[in-house]
There are 2 protein chains.
Amino acid sequence: MPLTPIDPRLDPGVSAALAAVAEREVDQVFFVACGGSLSIMHPAKFMLDQHSAALPSDVLNAAEFVARAPKRLTKQSLVVLCSMTGTTKETVAATKFAQSAGALTLVLTTDPASPLAEAGDHAIGFEAPYTTGVPIDAKNSNYARIYQLVLGLAKIFDGSDKLGALMDSLEALQPAIDRAHTHFAPLFADYAPRLAKKDVIYTMASGADYGAAYSFAICVLMEMQWINSHAIHANEFFHGPFEVLDENASFVLFKGLDSTRPLTERAETFLHRFGATENILVLDAAELDLSGIDAGLAGNLVPLIFFDTLWRFAYKIADLRDQEMLEARRYMKKLHDY
Amino acid sequence: MPLTPIDPRLDPGVSAALAAVAEREVDQVFFVACGGSLSIMHPAKFMLDQHSAALPSDVLNAAEFVARAPKRLTKQSLVVLCSMTGTTKETVAATKFAQSAGALTLVLTTDPASPLAEAGDHAIGFEAPYTTGVPIDAKNSNYARIYQLVLGLAKIFDGSDKLGALMDSLEALQPAIDRAHTHFAPLFADYAPRLAKKDVIYTMASGADYGAAYSFAICVLMEMQWINSHAIHANEFFHGPFEVLDENASFVLFKGLDSTRPLTERAETFLHRFGATENILVLDAAELDLSGIDAGLAGNLVPLIFFDTLWRFAYKIADLRDQEMLEARRYMKKLHDY
């Protein structure tokens, strides 16, 4: 395998990681994290599934990964881990566990001095508005970095090269997000007063968007607003969950642009048929101006747009509920003995 | 690969399927289904992960599988599908899609004349009380058959042979379930009146039990009782969902016996610390008499015990809510145009 840079525009951390990967035999990828960081592993696997015939992959919660101890974890495994702060203890432990099996570990974190960065074989940095408090450019987000990694793997192991298209698309991403904020603002203003009063709000998505729906449910609605929630896969909806649908039921549906979009269209039709439109918030990526984003990668980038814009919706809800966002936690970052 | 029977006690359908598998090169397994049938694919993968270093596997909803069209789906793929009635249209479509890629399809269904049985390369029968209305022996359940398949794969591709232990354990399973019904009866009688009044009941599990928790949430609580629910992974709980916990929050926690049990013990401690014991129903497999079940496989069989016993709990709740079980559906099997 060549040690020359995969693509000169890649993030240097990703480039260095891929150079190390290219020297190894790899027959399994594990995407491992917890909570919000686990949520980006689902779209990473979705992208790898659609771009690589060579690499099988698993997405596992970090504690589950260690306790399960999959037999396929060997020195031919590549384990990709992420923790925003780099302090998530289960993810640090998973890194060490993977190394003890001889696997190569690539860790994504915002803090290069964190325990996770220290533990991993190769650390890849990213930016998060959540840690800096200031706006970031989405081209430096966790999604942006893991997608570079995934398409780099596809280049090394499958000879497919979409990295140029990805790097171009990432340059166009933040402007697309900024336009999406404007586009969704009236929708959010309309729905926030009603959804702020709900005790239960489900999210629903498929394909590349499932992770964002999961993260919005568990990290925003449940964690920060104490609203009962969970992400329902748009087709699984029809195999049980849809029976909770009535005129009071609330859903946030992510209609993305990847190849699974028809699953969400079917769900939308059903939601509108038996639910009340006023309680069904539909984010449709087809309405957005995605100029400069490669059509073949738009579906992969849409979840970032949805998640970023939904933060503003969450703040609106928090305001109406008189509940702070990041401060509104009973246990996380307040308790330290669990 | 030998064509002689893998184990003379195996179900004949499983034996025939494994004989066909043994003649092929296989480098990927896909476990594909919808809803309740998808729920058994999670423990199937859990078992394969712990018994095979040779075979990577994915668990995918059937519609997601087709729309995603993973590049690893090739003639070297083995696709295992399940639908109890054999009529689930997404699963039938997934079978044909897999065949069009040259993959070998093994289908599990209770009806050998169903569209799924017709579509699959090899059909494996099983029994379900749900379809016959009469009690079955759990050794003939979907779990029992798919576990024979999984350990058969581990024998063929990894040389590990736990099939004898599995067949012995399956003989001991129904008696263990019968004893569990008796054991849990007082617990269910105690909790049913309180949980029947709840609008939201979460289920929680890890490892081999996650699928049963998922199925109880979406197919029983949501589908049949219109109670808001969803399955939370026992470690993911600590990365967001736990913030909804207060004295009114209701959980059904599955404490199993596989290697992930410590994850559920940690969750239990937290649930009891900040929730109200009266709203936290804990099923602990360590309390059960599992005589005759191999210690190394007990963790895999516990979810059948939990799920079977929880049906009685569900009927108690239904009774208290004045809501029928199987008849209490608004959409499923009543609408036919969605």
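Model, not experiment: these values are computed from the prediction.

With respect to the relation of the copies chain B and chain A
Note on the chain copies: they are related by a rotation about an axis and a translation along it.
Part 1: Superposition of chain B onto chain A requires a rotation of 180 degrees combined with a translation of 0.0 Å along the rotation axis, giving an RMSD of 0.0 Å. The transformation relating the two chain copies, once decomposed into turn and shift, fits a two-fold axis.
Part 2: A symmetric contact is evident, with 100% of the interface residues of chain B recurring at the interface of chain A.

Some thoughts on helix 1 (residues 12-22) of chain B
All names here are of chain B.
Part 1: The buried fraction of helix 1 is high, at eight of eleven residues.
Part 2: By the burial criterion, the buried members of helix 1 are Gly 13, Val 14, Ser 15, Ala 17, Leu 18, Ala 20, Val 21 and Ala 22.
Part 3: Considering only its buried residues, helix 1 is in contact with strand 3 (77-82), strand 4 (104-109), strand 5 (122-125) and helix 8 (142-158).
Part 4: N-cap assignment for helix 1: the residue whose side-chain oxygen lies 3.0 Å from the backbone N of Gly 13 is Asp 11.

Section: the domain arrangement of chain A
When the parts of a complex come together, some accessible area is lost, and that lost area is often used as the size of the interface.
Residue and element names in this part refer to chain A.
Part 1: Its domain assignment divides chain A into domain 1 (12-161) and domain 2 (186-320).
Part 2: With 15 residues of domain 1 at the interface, the matching set in domain 2 holds 19 residues.
Part 3: The contact between domain 1 and domain 2 buries some 1200 Å² in all, and 72% of this surface belongs to carbon and sulfur atoms.
Part 4: When the buried surface of domain 1 facing domain 2 is broken down by residue, Phe 46, Tyr 143 and Tyr 147 rank first, second and third, together holding 38% of it.

Describing the interface of chain B and chain A
Part 1: Of the residues lining the interface, 70 residues belong to chain B; the matching set on chain A comes to 70 residues.
Part 2: Around 5800 Å² of area is buried between chain B and chain A when both sides are counted, 53% of it from carbon and sulfur atoms.
Part 3: Summed over the shared surface of chain B and chain A, the result is eight salt bridges.
Part 4: A:Glu90 is the salt-bridge partner of B:Arg266, the closest N and O atoms lying 3.0 Å from each other.

The rules behind these values
- Residues numbered from 1 in each chain as written.
- Chains lettered and ligands numbered in written order.
- Predicted model: local features only at pLDDT ≥ 70, side-chain atom pairs only at ≥ 80, totals over all residues.
- Heavy atoms only, no water.
- Least-squares fit on C-alpha atoms with pLDDT ≥ 70 in both.
- Contact = heavy atoms within 4.5 Å.
- Buried < 20%, exposed > 50% of the residue type's maximum accessible area, 1.4 Å probe, protein only.
- Helix = DSSP H or I, 4+ residues; strand = E, 2+ residues; numbered from the N terminus.
- Polar contact = N/O pair within 3.5 Å; in protein donor to acceptor, adjacent residues only side chain to side chain.
- Domains from an automatic or database assignment.
- Buried area = accessible area lost by both parts, 1.4 Å probe.
- Salt bridge = Lys/Arg side-chain N within 4 Å of Asp/Glu carboxyl O.

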